[in-house]
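Secondary and tertiary structure notes
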Amino acid sequence: NANRKFHPQDTVVDVNGVKVGGGNFQIIAGPCSVESLDQICSVAESVKASGAGMLRGGAFKPRTSPYAFQGMRDKGIDLLLEAKKATGLPIVSEIMDLSQMPLFEEVDVIQVGARNMQNFELLKELGKTTKPILLKRGLSSTLQELLMSAEYIMAGGNGRVILCERGIRTFETTTRNTLDLSAVPLLKTMTHLPIVVDPSHATGLSKLVKPMAMAAVACGADGLLIEVHNDPIHALCDGQQSLTPEAFTDLVKSVQNILPFA
Ligand code: PEP
Ligand code: MN
């Protein structure tokens, strides 16, 4: 059960020794999409050196247009596993369909993207696994709906759920989404599950990522999800919101400076 009432203590999700929640703060970083062995290994090495605790990378990409880059698919998972071997960082990647489950055997955290937050059959299957699940808030989902989706996973016996606030649809179009930071302290009252914030997808603009990351820390987030690319201008997906490794290093330093006060 995700409800704080029945489980007053914070849940700590332990990913191969990398802990999230209950006072353990983690930064998950990496490119939107895995693009090549060189790219994923180079980003992995740099985010690790800067202090990231986990590596993210999309292999199956839920793109708005069917003509946009769809991800490297199974080959992308293979390359992520290479980067995991090279750096020792646990890896996080998005699953889009039940049929992809066998490919995620060695993926440490399975991400359920915003567009699949209410894919209930997928959630039920993930509930039967023992894998940590990073559950992102749907594009227009309420916090109650997000929690019910977590409940689907937990009802199957898998309590290792990390929630992610990644911005919601509003009338504002200057930013890609509107980051709902009130979700963090609110969710803390409603649930014991850890909550991480993704300022990359929430804003869609690299310049806004660091200030919103710091704001997320100030309101009590248990972690951050940050898109980092070695060459953002030429990224195959989400380049405009991706940080360079240098900008990511700067973000981590700023976040570490305010962490003890959060
Ligand atoms: C992503 O993390 O790359 C992604 C597609 O995010 P979201 O599901 O939040 O849009
Ligand atoms: Mn992305």
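Keep in mind it's a predicted model, so treat the numbers as computed, not measured.

1. Structural notes on the confidence of the model for the protein chain
The pLDDT averaged across the protein chain works out to 97; a share of 99% of its residues lies at or above 70. Complex prediction metrics read pTM 0.98 and ipTM 0.99.

2. Looking at the site of ligand 1
Around ligand 1, a shell composed of Cys-32, Gly-58, Pro-62, Gly-113, Ala-114, Arg-115, Lys-136, Arg-166 and His-201 is seen. Here the shell around ligand 1 is built from residues that sort into 3 nonpolar, 3 polar and 3 charged.

3. Considerations on the environment of Pro-199
You can see Pro-199 is positioned in helix α6 (residues 199-203). Filtering out sequence-adjacent residues up to four positions away, Pro-199 remains in contact with Leu-179, Leu-208, Val-209, Met-212, Ala-213 and Ala-216.

4. Re helix α1 (residues 37-50)
An ideal rise of 1.5 Å per residue puts 20 Å on 14 residues; α1 measures up with 20 Å between its terminal C-alpha atoms. On its buried face, α1 sits against β3 (26-30), β4 (54-56), α2 (74-87) and α8 (245-258). Immediately downstream of α1, the backbone of Gly-51 shows phi near 120°, a positive value.

5. A few points about helix α4 (residues 143-155)
Between its first and last C-alpha, α4 extends 18 Å over 13 residues, near the 18 Å set by a 1.5 Å rise per residue. All of the buried residues along α4 are Leu-146, Leu-147, Ser-149, Ala-150, Tyr-152, Ile-153 and Met-154.

6. Focus on the pairing of strand β5 (residues 91-95)
β5 sits mainly inside the fold: 5 of its 5 residues count as buried. Every second residue of β5 is oriented toward a common face, with Ile-91, Ser-93 and Ile-95 on one face and Val-92 and Glu-94 on the other, all of them buried. Here β4 runs beside β5; their pairing, made up of 2 bridges, is parallel. Paired with Arg-56 across the strands is Val-92, a residue of β5.

7. Focus: the nonpolar core
Where a protein is soluble and globular, its nonpolar side chains tend to be buried together. By size, the foremost hydrophobic cluster in this structure holds 75 residues, and its most contacted members are Leu-135, Ala-150, Ile-162, Leu-163 and Ile-226. Top contributing element to this core by residue count: α4, with 6 residues. Ala-150 has contacts with Ala-2, Leu-135, Val-161, Leu-163 and Leu-193, leaving out every residue within four places of it along the chain.

8. Some points on the sheet that holds strand β8 (residues 161-165)
Around the barrel, 8 strands lie side by side as β3-β4-β5-β6-β7-β8-β9-β10; this closed barrel has parallel pairing. Neighbour to neighbour, the strand axes of the sheet diverge by 30° on average, direction disregarded. Helix-sheet contacts for α2 involve β4 and β5, and the interaxial angle to β5 is about 165°. α4 rests against β7 (133-136) and β8 of the sheet, and its axis sits at about 160° to β8.

Reading the values: the criteria
Residues numbered from 1 in each chain as written. Chains lettered and ligands numbered in written order. Predicted model: local features only at pLDDT ≥ 70, side-chain atom pairs only at ≥ 80, totals over all residues. pLDDT = per-residue confidence, 0-100. Near = placed C-beta within 6 Å. Nonpolar A, V, L, I, M, F, W, Y, C, P; charged D, E, K, R; others polar. Helix = DSSP H or I, 4+ residues; strand = E, 2+ residues; numbered from the N terminus. Contact = placed C-beta atoms within 7 Å. Expected span 1.5 Å × (residues − 1). Buried ≥ 20, exposed ≤ 12 C-beta atoms within 10 Å, placed from the backbone. Pairing = 2+ DSSP bridges. Core = buried A, V, L, I, M, F, W, Y, C linked by C-beta atoms within 7 Å. Axes fitted to C-alpha atoms, helices over the stretch in contact; angles between N-to-C directions.

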